[in-house]
Amino acid sequence: MVLSFLEFLLPSEVERVKVIKPLMKSMGDPAALQSIASDSSASIILDRDISSIMLRSSNPENVQSAAIMVKARMKECEKLIHVYSFNREDAWIISKIIGPKGKSISALQKGSGCSIDVSKDDSLVVISGEAEEQVKQMKGKLDEIIENAKKECIFLDIPESAMSAFIGKAGSNINKIRDEHSVTIERMKKNSTKVQIQGSELAVAGARASIDEWLREWEVQHFGIEIAVEGEMIPAILGKNGSVSSLFCRCILFHPSFNLVSNSFSFRIYFSLRYQRW
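Residues numbered from 1 in each chain as written. Predicted model: local features only at pLDDT ≥ 70, side-chain atom pairs only at ≥ 80, totals over all residues. Heavy atoms only, no water.

Caption draft 1: Seen up close, the overall build of the chain. The number of helices and strands found in the chain is 12 helices and 12 strands. The buried share of the chain, taken over its 278 residues, is 37%. Partitioning the intrachain contacts of the chain with sequence separation of at least 6 by distance along the chain shows that 61% fall at a separation of at least 24. If you sum the accessible surface of the chain, you get close to 17,300 Å²; carbon and sulfur atoms cover 54% of it. (Helix = DSSP H or I, 4+ residues; strand = E, 2+ residues; numbered from the N terminus. Buried < 20%, exposed > 50% of the residue type's maximum accessible area, 1.4 Å probe, protein only. Contact = heavy atoms within 4.5 Å. Areas by Shrake-Rupley, 256 points an atom, 1.4 Å probe, with all protein chains shown as cover.)

Here you go:
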């Protein structure tokens, strides 16, 4: 708040340069900051709490000069890092990069000239190197790991109304798919309508094909209706932040079909027997 007040009170004598978290380590190098301060005759403070570098001088020209140098250094530092930001659904890939007891990430870093920093809270993986080429090489290795991980571990949605049949009596159906394709299949605890399939690339692809076929057969055997909806009605059906569609997706199978010519779409709904009175 004090800094904001100073920026308001002395806009030409104070400037804040925002620094993204992955760059804080390299931008915070004391020698580099001291060099900029010396060359610009401005006061420079690194504030990690607000991820910023504060510039201050009674001479506005010094502040402008320091800002130019800080931003130039930031561009150079950006060449020496690469940031992977994973969404919630893909955050599991981070554990693949780390490996058992950190063995995979240690092997990657050894002799590479790069460090790999992981923030599980922010779902970030950051490559930092001493040279741009080293960072590019490490990025290529991580890209390969991520691509393979996505082929060897996939997530599929199974409608809640079909889940019981999908699992089968005493797990008979799901165990059959596991055994036939040599994969592991687990129902997710936080999302009971999603299953995780892991195995070799070919095994996972085969299991997915079998599950897709099983779902098609399940659809044929269950009651369904098809409804055509005009484009302007879509927001009302989806509800605020998808609240209405999310509720229905927990008990039905929902297949949309878009018609770009008429600006409309239709969808087929397969109801669970216990929800048919709706």
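Caption draft 2: Up close: the packing of helix α9 (residues 172–181) against helix α10 (residues 201–221). The geometry of α9 relative to α10 is characterised by a closest axis approach of 9 Å and an angle of 145 degrees between their N-to-C directions. Relative to α10, α9 is oriented so that their crossing is right-handed. Of α10, the residues touching α9 (which contributes Asn173, Ile177 and His181) are Ala203, Gly206, Ala207, Ser210, Ile211 and Trp214. Per-class residue counts for the contact of α9 with α10 are five nonpolar, four polar and no charged. (Axes fitted to C-alpha atoms, helices over the stretch in contact; angles between N-to-C directions. Left-handed = near helix turned anticlockwise from the far one by under 90°. Nonpolar A, V, L, I, M, F, W, Y, C, P; charged D, E, K, R; others polar.)

Caption draft 3: Highlighting the pattern of salt bridges. Scanning all chains against the criterion turns up 10 salt bridges. Ionic pairing is found between Glu13 and Arg56, a salt bridge with its closest N-O pair at 3.3 Å. A residue pair is termed long-range when its members are at least 10 positions apart, and Glu13 in the loop between α1 (2–9) and β1 (14–18) and Arg56 in strand β3 (residues 52–56) qualify at 43 residues. The salt bridge partner of Lys151 is Glu147, with a shortest N-O separation of 3.3 Å. A residue pair is termed a helical-turn pair when its members lie 3 or 4 positions apart in one helix, as Lys151 and Glu147 do in helix α7 (residues 132–152) at four residues. With a relative accessible area of 31%, Lys151 lands in the partly exposed category. With a relative accessible area of 44%, Glu147 lands in the partly exposed category. Through salt bridges with shared partners, a single ionic network connects Glu147, Lys151 and Glu201. (Salt bridge = Lys/Arg side-chain N within 4 Å of Asp/Glu carboxyl O.)

Caption draft 4: Summary view of the packing of aromatic side chains. Scanning the entire structure with this criterion turns up three aromatic pairs. Between Tyr84 and Phe86 the ring centres are 6.3 Å apart and the planes differ by 10 degrees, which places this aromatic pair in the stacked class. Like Phe86, Tyr84 is buried. (Phe/Tyr/Trp six-rings, centres within 6.5 Å; stacked < 30°, edge-to-face > 60°.)

Caption draft 5: Just the confidence of the model for the chain, in detail. Put simply, the chain has an average pLDDT of 82, and 77% of its residues get 70 or more. Across the chain, α9 holds the top mean pLDDT of 96, while strand β11 (residues 252–259) sits lowest at 50. The low-confidence segment residues 271–278, where pLDDT is below 50, has 13 contacts with residues more than four positions distant or belonging to other chains. (pLDDT = per-residue confidence, 0-100.)

Caption draft 6: Structural context of the side chain of Ser52. Here Ser52 is to be found in strand β3. Reaching out from Ser52, the side chain makes a polar contact with the backbone oxygen of Ile50 at a distance of 3.0 Å. (Polar contact = N/O pair within 3.5 Å; in protein donor to acceptor, adjacent residues only side chain to side chain.)

Caption draft 7: Summary view of the side chain of Glu13. A polar contact is formed between the side chain of Glu13 and the side chain of Arg56, at a distance of 3.3 Å. Not counting the four nearest positions on each side in its chain, Glu13 is found in contact with Leu55, Arg56, Ser57, Ser58 and Val63.

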